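Working through the structure, step by step
Below, each chain spelled out in residue letters.
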Amino acid sequence: AGVVTNQFGEDVQHVDVLLENDSTTSTTSLGTYEMAVLNCQEHTVTLSRTDNPANGVTSYDIALIQRHILHIEPFDNPFKLVAADANRSGEITAFDLLHIRQVILGLVPDFPNSPSWLFLEDDFTFDDPNNPLATTLPNNVYTFATDADTLIMNYMALKIGDVNFNANPNLNSNIDTRNEFARTLFLNVKDREVKVGEEVDVYLKSKEEETLEGYQF
């Protein structure tokens, strides 16, 4: 038995928990799961959640990661650094921005070299808190031994690509709530005559004076 929560203690639903003997269960709406095991034996447990990889991942995350890369506003939270390293390369680069953008646009089914959700044991600590990307992170696979008939393991879920931590822990693949920052943006474009088949460049300019961190249609 156990519970899966995010870093804020919110229950995470739809997590598949696989035991090595092909016994599978999923977390409930309360983030809990339960499965029987054979005592005095070593067991391997794999956790996964593959629905909606764009959950909580928007152009705003890309803008925040860009500001980190440019040292304008570096991340001060180790879990933000892990979430930003979308390809698990151990560093945050323009390649991570590319992979995140592809997920947002639905061009790829998931992040490369990384699960959509990372599950860490609830007592997990980084080898070096000042350099969390140097820590070898588990690939959602855990091996353990128990002398009880019930598995008791709790995990913390981290959504890859979501650096402002707004992923919905109970969002399923049929729901899209990426409208937290939704608003109407008015654009100006110069009026001109064009001919059929003519290729033209259209320059858009916002009517508003405020600076935009990013936008997503």
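These remarks concern the structure in this document.

Reading the values: rules and limits
- Residues numbered from 1 in each chain as written.
- Predicted model: local features only at pLDDT ≥ 70, side-chain atom pairs only at ≥ 80, totals over all residues.
- Heavy atoms only, no water.
- Phe/Tyr/Trp six-rings, centres within 6.5 Å; stacked < 30°, edge-to-face > 60°.
- Helix = DSSP H or I, 4+ residues; strand = E, 2+ residues; numbered from the N terminus.
- Patch = residues over 30% accessible without salt bridge, like charges linked within 9 Å, V, L, I, M, F, W, Y side chains within 5 Å.
- Areas by Shrake-Rupley, 256 points an atom, 1.4 Å probe, with all protein chains shown as cover.
- Salt bridge = Lys/Arg side-chain N within 4 Å of Asp/Glu carboxyl O.
- Buried < 20%, exposed > 50% of the residue type's maximum accessible area, 1.4 Å probe, protein only.
- Contact = heavy atoms within 4.5 Å.
- Axes fitted to C-alpha atoms, helices over the stretch in contact; angles between N-to-C directions.
- Parallel < 35°, antiparallel > 145°, perpendicular 65-115°, else oblique.
- Nonpolar A, V, L, I, M, F, W, Y, C, P; charged D, E, K, R; others polar.
- Pairing = 2+ DSSP bridges.

Attention now goes to the packing of aromatic side chains. By the definition in use, this model includes 4 aromatic pairs. Arranged with centres 5.9 Å apart and planes meeting at 70°, the rings of phenylalanine 8 and phenylalanine 165 form a pair that is edge-to-face. Of this pair, phenylalanine 8 sits in the loop between strand E1 (2-5) and strand E2 (16-19) while phenylalanine 165 sits in the loop between strand E8 (155-159) and strand E9 (187-188), and the two are 157 residues apart along the sequence. Centroid distance tyrosine 142 to tyrosine 155: 5.1 Å. Interplanar angle 45°. Geometry classified as tilted. Here tyrosine 142 is found in strand E7 (residues 141-146), whereas its partner tyrosine 155 is found in strand E8, with 13 residues between them in sequence. Three or more aromatic residues joined by ring pairs make a cluster, and in this case those are Phe79, Phe124 and Phe126.

A contiguous nonpolar surface patch, about 500 Å² in accessible area, is contributed by Leu187, Val189, Val194, Val200, Val202 and Leu204. Here valine 202 is to be found in the loop between E9 and strand E10 (205-206). On the basis of relative accessibility, which here comes to 54%, the residue valine 202 falls in the exposed class.

Relative to the assigned elements, histidine 68 resides in helix H1 (residues 59-69). Dropping the residues within four chain positions of it, histidine 68 is found in contact with Glu73, Pro74, Phe75, Leu81 and Ile92.

Interhelical geometry of H1 versus helix H3 (residues 94-104) gives an angle of 180° and a closest axis separation of 10 Å. With respect to each other, H1 and H3 are oriented roughly antiparallel. Counted together, Ser59, Ile62, Ile65, Gln66 and Ile69 of H1 and Ala94, Leu97, Ile100, Arg101 and Ile104 of H3 form the full contact between these two elements. Of the residues that constitute the contact of H1 with H3, the class distribution is 7 nonpolar, 2 polar and 1 charged.

Let us look at the sheet that holds strand E6 (residues 117-121). Ordered in space as E4-E1-E8-E6, the 4 strands form an open sheet in which the pairing is mixed. The open sheet is flanked by strand E4 (32-33) and E6, the only strands paired with a single partner.

Of the two faces of E7, the one holding Tyr142, Phe144 and Thr146 is buried and the one holding Val141, Thr143 and Ala145 is not buried anywhere. The sheet contact formed by strand E5 (residues 41-48) and E7 spans 6 bridges and is antiparallel. Its bridge partner lying in E7, glutamate 42 is registered against alanine 145.

If you walk through the whole model with that rule in mind, you get 3 salt bridges. Linking arginine 67 and glutamate 73 is a salt bridge whose minimum nitrogen-to-oxygen distance equals 3.1 Å. Note that glutamate 198 and arginine 192 form a salt bridge whose closest N and O atoms lie 3.5 Å from each other.

Quick look at the sheet that holds E2 now. In a beta sheet, neighbouring strands pair by backbone hydrogen bonds and run either parallel or antiparallel. Within the open sheet, the 4 strands sit side by side as E3-E2-E5-E7. Their pairing is antiparallel. One side of each edge strand has no neighbouring strand; the edge strands of this open sheet are strand E3 (24-26) and E7. Averaged over neighbouring strand pairs, the angle between their axes works out to 25° when direction is ignored. Both E2 and E3 contribute to a ladder of 3 bridges, which runs antiparallel. Counted as the bridge partner of valine 17 is threonine 25 from E3.

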